[in-house]
Amino acid sequence: MSGVLFTRRTRWQALTRQRPAPALRVALLASYTVDPLVPYLGLDLHERGLPATLTVGPFQQVVQQCLTTDGFLADVRPDVLVVAQRLEEAGDPGAAGDAWAAELLAGAEAAVTAARRHGALLVYVLPAVPAARPGGPADAMRADGVAASATVVRQRLRDRLAGDPWVLLVDADEAVRAVGDERAYHPVLFRLAKVPYTEEVFARLGATAATLVALWFGAGCRALVVDGDGLTGAAHLLPALRELRAAGVRVALRATGDGCWSDGDAVDLLSVLDGWVTDARPIDEQLAEIAAELGVVPAQVVLVGLGQLGPAGEGPAAEGPAFGGPARRVPLGAEPAAWSDELRAAGLTDRLPEQRWSGGPVRSADAPHAELSLDDFVAGLDVQVDYFPVVADDVAEVAEVVARAHDFALTSAPPAAALAERAADLLAIRVRDRLGDYGTSGLVALDRTADRWTVDVFSLSCPVLGKGVEAAVLREVTRRAGEAGAGEVVVAWTDTGRNGTARRFLSEVDGVVPADVRVRLHATRADAGDEPPRTAAAPAEHTTGVRR
């Protein structure tokens, strides 16, 4: 990680400790671990006058989380929903990318549905063209090659989403290409934690997404303020300032005193200035006055000047109560001849298109359409669940699965040594579907007596949640309990503060019909023994499409 990126991450950590009042709630869902995007997106939004709280949902759960009405998004109630899918997690591409397209379009459709339900702005990250080329150098000549298939999928996604006024598109391929394949991907970290990209890619994605969100909320640059303190050679800024004024950007000057006018170059700025403030007041008060006089809001003001701008130590995001929020800062380099080019490269004239993409079959935001069904999606996955006993050599692997399963767990993860001591009670879970084989994906621990089986460990990894695996496992436990002559299966859980997915499922466990009708299935809170048990009675709601 470069020093610049490390500094930005550190600043985000300091900012989160200060807990500024958020203007936006941002939810992130992805087919991979998207947590490294948070500091860059969060800091970039803050610097554009939109402080936000950012919450990451379980990875590889885009469709499930978007289509359920009581899950992650219901808790967050987002103003902005960021959804990122990769082709690499979408299984086999199929003929001309048809299978890829079906998978990602399902995610995009679910994301649109969720955004409309919550009244949120959707930021969809178009997938990058995969770097891997199984066909080698000849891939470019294959109609069903990776490049051709990815191009088809990306265009179909653009056709579906780009015309929707409540959808913004960020292109991951642009970020990857800008960084370069050799520095864009992190294969080791992907194997360990499902993080596919390096910090440089996440930083670029965060900056682009924050810019688009700021423009959508009206926080684009409408006024440029030149910092006159110590500025010599201001005439070099004139070409860029004239272009900005021609594009509709107002231009003003601030300084700590009238001394700035003693420089002849500063006088040259008079021909492009819409106003100026030169007094001893704090900079935030000066910027607030300029914003009011020019008829713009503080978030639309950009300050440009030499080196460290504003109060010492605050870097590019100084705040003040009079100004009401951070002003974006554009620092100029040491060479005056380059200043106009630096100002042009700052993207101050970026605007959202007045007319959106209309080159494909785009539906209007209020057009009636058949929404994707969660049951239909799960049924089409062809989910298969297998079970196997745990031997000593397997303990380390299943212990790691349990340690990472925060969203779906009954209690805090027991240590590997504790699991090893009761290996005979353990049942490992393997899951696969049409998108891939997830290997060992969960663990159940059973405390068995002649009449009652108690499930005191039940953990599942994120990629298999919401696919009916949860209910399938409990049905399998009741089947085995019935064969052993037990008449009751109890699932004992506690509130860990992070296992909301498991708690929601267990609150509806009475919808899971036991595989053996002689067995009674219920869940009970282990740290609140006075709660009544919930008894199985109704048809299963979470079982669609699962085969044992």
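Bear in mind that the values here come from a model prediction, so they are computed numbers and not experimental data.

Visitor: How should helix H18 (residues 469–483) be read in this particular structure?
Guide: At 3.6 residues per turn, the α-helix brings residues three or four places apart onto the same side. An ideal rise of 1.5 Å per residue puts 21 Å on 15 residues; H18 measures up with 21 Å between its terminal C-alpha atoms. Most of H18 is tucked away, with twelve of its 15 residues classed as buried. Of the residues trailing H18, Gly485 is marked for its positive phi of about 90 degrees.

Visitor: Honestly, the sheet that holds strand S9 (residues 301–306) in this entry has me stumped. Any pointers?
Guide: In a beta sheet, neighbouring strands pair by backbone hydrogen bonds and run either parallel or antiparallel. Across the sheet, which stays open at both edges, the five strands sit in the order S8-S7-S6-S9-S10 with parallel pairing between neighbours. Both outer strands of the open sheet, strand S8 (275–278) and strand S10 (328–332), are each paired with one neighbouring strand and no more. The average angle at which neighbouring strand axes cross in this sheet is 20 degrees, direction not considered. Of the strands in this sheet, strand S6 (223–227), strand S7 (250–255), S8, S9 and S10 touch helix H13 (residues 283–294), which is tilted by about 155 degrees from S7.

Visitor: Please explain the pairing of strand S13 (residues 436–448) as it appears in this structure.
Guide: Put simply, side chains in a regular strand alternate between the two faces of the sheet. One ladder, built from seven bridges, connects strand S12 (residues 426–433) with S13; its direction is antiparallel. Residue pairing for S13: Leu427 is matched across the bridge by Val444. Here S12 folds back onto S13, and the loop between the two strands holds two residues. The turn linking S13 back onto strand S14 (residues 452–460) is made up of three residues.

Visitor: What is the right way to look at H13 in this model?
Guide: For H13, with twelve residues, the first-to-last C-alpha span of 16 Å sits near the 16 Å given by 1.5 Å per residue. Those residues of H13 that sit buried are Ile283, Asp284, Gln286, Leu287, Ala288, Ile290, Ala291 and Leu294. Its buried side turned inward, H13 meets S6, S7, S8, S9 and S10. Gly295 sits one or two residues past H13 and shows a positive phi near 75 degrees.

Visitor: Hey, could you run me through the pattern of salt bridges in this one?
Guide: It is possible for side chains of opposite charge to pair when their charged atoms get near one another. Inspection of the entire model under this criterion finds 39 salt bridges. One salt bridge connects Asp44 with Arg8, and the closest N-O pair in it is separated by 2.9 Å. Highlighted residues: Asp44 in helix H2 (residues 37–47) and Arg8 in helix H1 (residues 3–18), separated in sequence by 36 residues. For the residue pair Asp44 and Arg8, the accessibility class agrees, reading buried in each case. A salt bridge links Glu200 to Arg183; the nearest nitrogen and oxygen atoms lie 2.3 Å apart. You can see Glu200 sitting in helix H10 (residues 199–216) and its partner Arg183 sitting in helix H8 (residues 181–184), a full 17 residues away along the chain. Take Glu200: its relative accessible area is 30%, and that puts it in the partly exposed class. On the basis of relative accessible area, Arg183 is assigned to the partly exposed category, the value being 42%. Within the structure, one salt-bridge network assembled from shared partners comprises Arg8, Arg11, Asp44, Glu47 and Arg48.

Visitor: Looking at this structure, I do not really get the environment of Trp216. What am I missing?
Guide: Within the element layout of this structure, Trp216 appears in helix H10. With a relative accessible area of 26%, Trp216 lands in the partly exposed category. Along the primary structure Trp216 and Leu121 are separated by 95 residues, whereas in three dimensions their C-alpha atoms are 9.0 Å apart. When near neighbours in sequence (up to four residues on either side) are disregarded, Trp216 contacts Leu121, Pro165, Trp166, Leu168 and Leu352. At 3.2 Å, the side chain of Trp216 forms a polar contact with the backbone oxygen of Pro165.

Visitor: So what exactly am I meant to see when it comes to the sheet that holds strand S5 (residues 167–171) here?
Guide: In space, the five strands of this open sheet follow the order S2-S1-S3-S4-S5, with parallel pairing throughout. Of all the strands in the sheet, the pair left with one neighbour each is strand S2 (52–56) and S5. Taken pair by pair, the neighbouring strands of this sheet meet at an average axis angle of 20 degrees, ignoring direction. One ladder, built from five bridges, connects strand S4 (residues 121–126) with S5; its direction is parallel. In the sheet register, Val123 faces S5, and the bridge partner there is Leu168. On the sheet, H10 packs against strand S1 (24–30), strand S3 (80–84), S4 and S5 and is oriented at approximately 155 degrees with respect to S5.

Visitor: In this structure, what is going on with the environment of Leu41? I would like to understand it.
Guide: Structurally, Leu41 can be placed in helix H2. Residue class for Leu41 comes out buried when judged on its relative accessible area of 2%. In sequence terms Leu41 and Thr211 are 170 residues apart; their C-alpha atoms lie 9.4 Å from each other. In this view, Leu41 contacts Val26, Leu28, Leu54, Val82, Gly206, Ala209 and Ala210; residues no more than four positions away in its chain are not counted.

Visitor: Please explain the packing of aromatic side chains as it appears in this structure.
Guide: The way to describe two aromatic rings as a pair is by their centre distance and the angle between their planes. Considering all chains together, one arrives at seven aromatic pairs under this definition. Taking 5.0 Å as the distance between ring centres and 75 degrees as the angle between the ring planes, the aromatic pair formed by Trp216 and Phe217 counts as edge-to-face. With a centroid separation of 5.8 Å and 50 degrees between ring planes, the pair formed by Phe408 and Phe505 is classed as tilted. One end of the pair, Phe408, is in the loop between helix H16 (395–404) and helix H17 (416–421); the other, Phe505, is in helix H19 (residues 500–507), with 97 residues separating them in the sequence. Both residues of the pair, Phe408 and Phe505, belong to the buried class. Following the ring pairs from residue to residue traces out a cluster consisting of Tyr32, Tyr185, Tyr197 and Phe202.

Visitor: Could you clarify how one ought to interpret the packing of H1 against H2 in this entry?
Guide: Two numbers describe a pair of packed helices, the interaxial angle and the distance between the axes. Running from amino to carboxyl end, H1 crosses H2 at an angle of 70 degrees, the nearest separation of the two axes being 9 Å. Put simply, H1 runs roughly perpendicular to H2. For the pair formed by H1 and H2, the contact residues are Leu5, Arg8, Arg9, Arg11, Trp12 and Leu15 on the first element and Val38, Pro39, Tyr40, Gly42, Leu43, Asp44, His46 and Glu47 on the second.

Visitor: Even after reading the chapter, I still don't get the packing of H2 against H10, so can you show me in this structure?
Guide: As a packed pair, H2 and H10 sit with axes 8 Å apart at the nearest point and diverge in direction by 35 degrees. The handedness of the crossing between H2 and H10 is right-handed. In this structure, H2 uses Leu37, Tyr40, Leu41, Asp44 and Leu45 to contact H10, whose residues at the interface are Glu199, Phe202, Ala203, Leu205, Gly206, Ala207, Ala209, Ala210 and Val213. Class assignment of the residues belonging to the contact of H2 with H10 gives a composition of eleven nonpolar, one polar and two charged.

Visitor: Looking at this structure, how should I read the confidence of the model for the protein chain?
Guide: Close inspection of predicted coordinates is inappropriate for parts of the model with low pLDDT. Mean pLDDT over the protein chain works out to 85, with 89% of the residues at or above the 70 mark. Note on residues 309–326: pLDDT under 50 across the span, and 43 contacts to partners over four residues away in sequence or across chains. Note on residues 530–545: pLDDT is under 50 here. Beyond four places in sequence and across chains, it has 47 contacts.

Visitor: I tried to follow the side chain of Ser441 on my own but got confused; where do I start?
Guide: Note on placement: Ser441 falls in strand S13. From its side chain, Ser441 meets the backbone oxygen of Gly439 in a polar contact 2.9 Å long. Setting aside anything within four residues of it in sequence, one finds Ser441 in contact with Val401, Ile429, Arg430, Val431, Ser459, Leu460, Ser461 and Val464.

Calculation rules
- Residues numbered from 1 in each chain as written.
- Predicted model: local features only at pLDDT ≥ 70, side-chain atom pairs only at ≥ 80, totals over all residues.
- Heavy atoms only, no water.
- Helix = DSSP H or I, 4+ residues; strand = E, 2+ residues; numbered from the N terminus.
- Expected span 1.5 Å × (residues − 1).
- Buried < 20%, exposed > 50% of the residue type's maximum accessible area, 1.4 Å probe, protein only.
- Pairing = 2+ DSSP bridges.
- Axes fitted to C-alpha atoms, helices over the stretch in contact; angles between N-to-C directions.
- Contact = heavy atoms within 4.5 Å.
- Salt bridge = Lys/Arg side-chain N within 4 Å of Asp/Glu carboxyl O.
- Polar contact = N/O pair within 3.5 Å; in protein donor to acceptor, adjacent residues only side chain to side chain.
- Phe/Tyr/Trp six-rings, centres within 6.5 Å; stacked < 30°, edge-to-face > 60°.
- Parallel < 35°, antiparallel > 145°, perpendicular 65-115°, else oblique.
- Left-handed = near helix turned anticlockwise from the far one by under 90°.
- Nonpolar A, V, L, I, M, F, W, Y, C, P; charged D, E, K, R; others polar.
- pLDDT = per-residue confidence, 0-100.

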